[in-house]
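# Tertiary structure, described
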Amino acid sequence: MKLEALPVIQGEHNLKNYEEEYKSFDWSKAKQQFSWYESGKMNMAHEAIDRHAESDKKNKVALYYRDDKRNEKYTFKEMKELSNKAGNVLKTIGDVEKGDRVFIFMPRSPELYFSVLGAIKLGAIVGPLFEAFMEGAVTDRLADSEAKVLITTPELLDRVPADKLPHLKQILVVGENIEENDLIADFNKQMKDASKHLDVEWVEPTDGLILHYTSGSTGKPKGVLHVHNAMIQHYQTAKWVLDFKDEDVYWCTADPGWVTGTSYGIFGPWLTGTSNLIVGGRFNPESWYQMIEEYGVTVWYSAPTAFRMLMGAGDEVVKKFDLSSLRHVLSVGEPLNPEVVKWGVKVFNKRIHDTWWMTETGAQLICNYPCMEIKPGSMGKPIPGVVAAIVDDQGNELPPNRMGNLAIKKGWPSMMHTIWNNEQKYDSYFMPGDWYVSGDSAYMDEEGYFWFQGRVDDVIMTSGERVGPFEVESKLLEHPAVAEAGVIGKPDPVRGEIIKAFIALMDGHEPSDELIEEIRQFVKKGLAAHAAPREIEFREKLPKTRSGKIMRRVLKAWELDLPTGDLSTMED
Ligand code: 6R9
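Below you will find a few notes about this structure. (Residues numbered from 1 in each chain as written. Predicted model: local features only at pLDDT ≥ 70, side-chain atom pairs only at ≥ 80, totals over all residues. Heavy atoms only, no water.)

### Some words on the nonpolar core
With 126 residues, the main nonpolar core has Met79 and Trp270 as its most contacted residues. The element that contributes the greatest number of residues to this core is helix α6 (residues 110-121), accounting for seven residues. Sequence-distant contacts of Trp270, defined by excluding residues within four places in its chain, comprise Glu47, Ala48, Ile49, His52, Ala62, Leu63, Phe76, Met79, Tyr113, Leu117 and Asn276. In this structure, Tyr64, Tyr295, Ala306 and Val347 belong to the second largest nonpolar core, which totals 32 residues. (Core = buried A, V, L, I, M, F, W, Y, C linked by side-chain atoms within 4.5 Å. Buried < 20%, exposed > 50% of the residue type's maximum accessible area, 1.4 Å probe, protein only. Helix = DSSP H or I, 4+ residues; strand = E, 2+ residues; numbered from the N terminus. Contact = heavy atoms within 4.5 Å.)

### Thoughts on the environment of Met570
Considering the arrangement of structural elements, one finds Met570 in the segment after α18 (552-560). We classify Met570 as partly exposed; its relative accessible area is 25%. Taking the C-alpha atoms as reference points, Met570 and Glu360, separated by 210 residues in sequence, lie 19 Å from one another. In contact with Met570, not counting residues within four places along its chain, are Pro543, Lys544, Thr545, Arg546 and Met551.

### Some thoughts on the sheet that holds strand β11 (residues 275-279)
Hydrogen bonds between backbone groups are what pair the strands of a sheet, and the pairing can be parallel or antiparallel. Judged by pairing direction, the sheet is mixed, and its nine strands sit side by side in the order β2-β1-β11-β10-β12-β13-β14-β15-β16 without closing on themselves. Of all the strands in the sheet, just β2 (71-75) and β16 (381-382) have a single pairing partner and so form its edges. Looking at chain direction, strand β10 (residues 249-252) and strand β12 (residues 299-302) are connected through three bridges and run parallel. By the bridge assignment, Cys252 is partnered in β12 with Tyr301. Sheet strands in contact with helix α11 (residues 285-295) are β1 (61-66), β2, β10, β11 and β12, and its direction is about 145° off that of β1. (Pairing = 2+ DSSP bridges. Axes fitted to C-alpha atoms, helices over the stretch in contact; angles between N-to-C directions.)

### Side note on unusual backbone geometry
Although it is not a glycine, Asp95 adopts a positive phi angle of roughly 60°. A relative accessible area of 48% places Asp95 in the partly exposed class. Phi is positive for Asn177, close to 50°, though the residue is something other than glycine. Looking at the secondary structure, you find Asn177 in the loop between β6 (170-173) and β7 (184-186).

### A word on the site of the ligand
Near the ligand you find 18 residues, and of these Trp258, Asp354, Thr355, Thr359 and Asp440 are the closest. In the environment of the ligand, a nitrogen atom lies 2.8 Å from a nitrogen or oxygen atom belonging to the side chain of Asp354. For the ligand, an oxygen atom lies 2.5 Å from a polar atom in the side chain of Thr359. Coverage of the ligand by the protein chains reaches 94% of its 530 Å² of free accessible surface. Looking at the shell around the ligand, the elements that each hand over two or more residues are α10 (259-271), β14 (352-356) and β22 (450-455). Residue contributions to the shell around the ligand peak at three residues, all from β14. Of the residues contributing to the shell around the ligand, the split by class is nine nonpolar, four polar and five charged. (Near = heavy atom within 4 Å. Polar contact = N/O pair within 3.5 Å; in protein donor to acceptor, adjacent residues only side chain to side chain. Areas by Shrake-Rupley, 256 points an atom, 1.4 Å probe, with all protein chains shown as cover. Nonpolar A, V, L, I, M, F, W, Y, C, P; charged D, E, K, R; others polar.)

### Some points on the pattern of salt bridges
Side-chain pairs of opposite charge can arise where the charged atoms are in close proximity. Tallied over the entire structure, the rule returns 39 salt bridges. In this structure, the salt-bridge partner of Glu537 is Arg539, at a minimum N-O distance of 3.0 Å. According to the relative accessible area criterion, Arg539 is partly exposed, its value standing at 30%. (Salt bridge = Lys/Arg side-chain N within 4 Å of Asp/Glu carboxyl O.)

Below you can see the structure in the form of structure tokens.
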């Protein structure tokens, strides 16, 4: 899979010399950039919105909102007023106080953003939920967090069994003709009457900000709690990694139900005073390119699945649009196959910058920066202020090129504060030596680049060889007939495990025995004989999370006839 490293982009970047900055940086310096360092008055929403609304950025567009029905824009000053109003609605109607959980269960809309910011201004903890969640998933999360107020839409209200949720005191519904009663209030009507003045609640760095439920490989989803202190890293990475400049128009394609849609769909861009484009509705290659052209998007943060789907739609589509505004393209969420990076260079004339982090880490940790060479397939190098290593199961650091646990030294500002109601689970993330253990396996090369291999529990052992499913999937994707691939280890009495691949084909290709053989040979020749799948099964679609990760555990459950476990994060 060796490709030539892609050279540095010439230009003025916020992070000019990675190696130098890595040596000299420490987080206490970063803190001093914030006004609260002196005043002690901290609140994420104040830093992200009000601060700009009170500066010469007040008339700058903070939010461009676009979907099939709406096309709106709001300046920082308007965002301040509207989030103040939302805060007042939550306070007066919902009786929301500092520390209360306010959940938001709806598709993207401007109201979603006013509500998130309004709740944060009150010192409440926001819980964003994907609109695709069904009743069971919604109930689990509202019950575990003991949410007091929920904001939702008429379409989703049926999935909220309020009678089973004793802590839920108020539901605010965003829509038309809402009938109000003891439990339900009309969000828009209340907004109209609410004051646009609000006293922001000043909080401590370790006070709760946002609660993201995420599913592990086993058990119920867990609530990852983040605190206001995370803003230090959101701000810093927005500068270094997203490389924001004053005139940028930024588009993060992630929904706020996923951590990328909050850390980098809300906090990162607005802490740096950047114009933020939010696009609602479903994925469609043409309309995505259309957005870039129409808004002159300069910085674009998306995910490998989306890039692969765009790649699948063909290069002809790209040519219909003027994408020359793009300056910087980034990816997160799953491994970014070298094939996709090569395609990005071909069609956008841009290197796609991979970034690695997790819900639990709150912000980016290992990244590719505009100022450095990219090795396609590598996640890059740790951000300044962060120590990453590959450790064995006892927490001993391993030398370069050895596969092991990807671990981070405790102490970065955006690290989760706790797992809600589950301190034990929180403790289980750490190993001796103050290592946070990610659950990903990876190796580091001699030059300090990190290479993702798989989730620790997904790694395949076949005839004594360790095979990372990602590597096999990447190779499969290079085959012209393959649109999507998921690879698992299937227990085998002789070989321990054999490699089985599930494949969705590109339009115009049909399953056949010849094709199976052709694909097997392709991997054998391109990767290694032991890495070629012994079994291949074609499927229309592969199971994926809403954030685009192929759910190998579901493939495994299909294969072994096991229960599939929690499917609440699965795309419909
Ligand atoms: C932000 C986010 C975390 C898991 C993580 C890893 C996978 C994320 C990746 C990546 C390879 C990358 N992951 N970024 N794998 N390369 N650049 O995705 O959070 O939804 O919690 O997922 O996603 O397996 O452990 P989350």
